[in-house]
Amino acid sequence: MLLSNASAASRRSVIVELEGGVCYAYLTHPHGSRPAFEVLVASSVILTDIREAKRLAKAGCPPPPTRDYTTAFTGNLPRSARDVSFIWSDAGDAIIILVRGAKQAAIAEGRVYSRAIGRVGPYGYPWDEEAVRQAFQHVCA
């Protein structure tokens, strides 16, 4: 685990893991540590095919980025916990993950968004500034 952070409002936590050049963030269920949502934040690994990603996921490993659904440049991989920060919604049910101050991924309204996602699929949704802004319109910046 790279780091974790909690929302007092929702009793949810976000857990950020960096392993083998792949960074994922997990938003937990309230009052627990079991992930409710996961989002690919960034990766520096060579893109694989979807069959290999599914095989690894079934084995309990975070699935690596694939050529079919993630971007060729998944960039902005955090190097340490200092590189990662968060913006929580007021209710604590949505979060934006920033890497070195840049919005990289978000979990909002039951969807995950990431700059590392190239098209809608098993990893979630490509970054959509307007959708994320709508989900966070009640957050004072």
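Summary of the structure given here.

## Quick look at the overall build of the chain
Move 1: What the chain contains, in helices and strands, is two helices and nine strands.
Move 2: Order of helices (α) and strands (β) in the chain, N terminus to C terminus: β-β-β-β-α-β-β-β-β-β-α.
Move 3: The C-alpha radius of gyration computed for the chain amounts to 14 Å, which stays within 12% of the reference 14 Å derived for 141 residues, consistent with globular compactness.
Move 4: Principal axes of the C-alpha set define a box for the chain whose edges measure 40 × 30 × 25 Å.
Move 5: Counting only residues that meet the buried cut, the chain has 45% of its 141 residues in that class.

## Quick notes on the pattern of salt bridges
Side chains carrying opposite charge are able to pair once their charged atoms draw close together.
Move 1: Applying the stated criterion across every chain yields a total of seven salt bridges.
Move 2: Between Lys103 and Glu129 there is a salt bridge, with the nearest N and O atoms lying 3.0 Å from each other. Of the two residues, Lys103 sits in strand S7 (residues 102–108) while Glu129 sits in helix H2 (residues 129–135), which places them 26 residues apart along the sequence.
Move 3: Judged by its relative accessible area of 26%, Glu129 falls in the partly exposed class.
Move 4: The closest approach of N and O atoms between Arg115 and Glu129, which form a salt bridge, is 3.9 Å. A residue pair is termed long-range when its members are at least 10 positions apart, and Arg115 in the loop between strand S8 (111–114) and strand S9 (125–126) and Glu129 in helix H2 qualify at 14 residues.
Move 5: One salt-bridge network, held together by shared partners, links Lys103, Arg115, Glu129, Glu130 and Arg133.

## Re the side chain of Ser43
Move 1: Tracing the backbone through its elements, the reader meets Ser43 in strand S4 (residues 35–43).
Move 2: Under the relative-accessibility criterion, Ser43 is labelled buried at 6%.
Move 3: Within the structure, Ser43 has its side chain in polar contact with the backbone oxygen of Gly21 (distance 3.3 Å).
Move 4: Among the polar contacts made by the side chain of Ser43, one reaches the main-chain amide nitrogen of Val45 at a distance of 3.1 Å.

## Observations regarding the sheet that holds strand S5 (residues 84–88)
Move 1: Strand order in the open sheet formed by five strands is S5-S6-S7-S8-S9, and the pairing between neighbours is mixed. Edge strands, defined here as strands with exactly one partner in the open sheet, are S5 and S9.
Move 2: When S8 meets S9, the two strands line up parallel, connected through two bridges. Note on S9: the bridge partner recorded for Ser114 is Pro126.

Criteria and thresholds
Residues numbered from 1 in each chain as written. Predicted model: local features only at pLDDT ≥ 70, side-chain atom pairs only at ≥ 80, totals over all residues. Heavy atoms only, no water. Helix = DSSP H or I, 4+ residues; strand = E, 2+ residues; numbered from the N terminus. Rg over C-alpha atoms; globule rule 2.2 N^0.38 Å. Buried < 20%, exposed > 50% of the residue type's maximum accessible area, 1.4 Å probe, protein only. Salt bridge = Lys/Arg side-chain N within 4 Å of Asp/Glu carboxyl O. Polar contact = N/O pair within 3.5 Å; in protein donor to acceptor, adjacent residues only side chain to side chain. Pairing = 2+ DSSP bridges.

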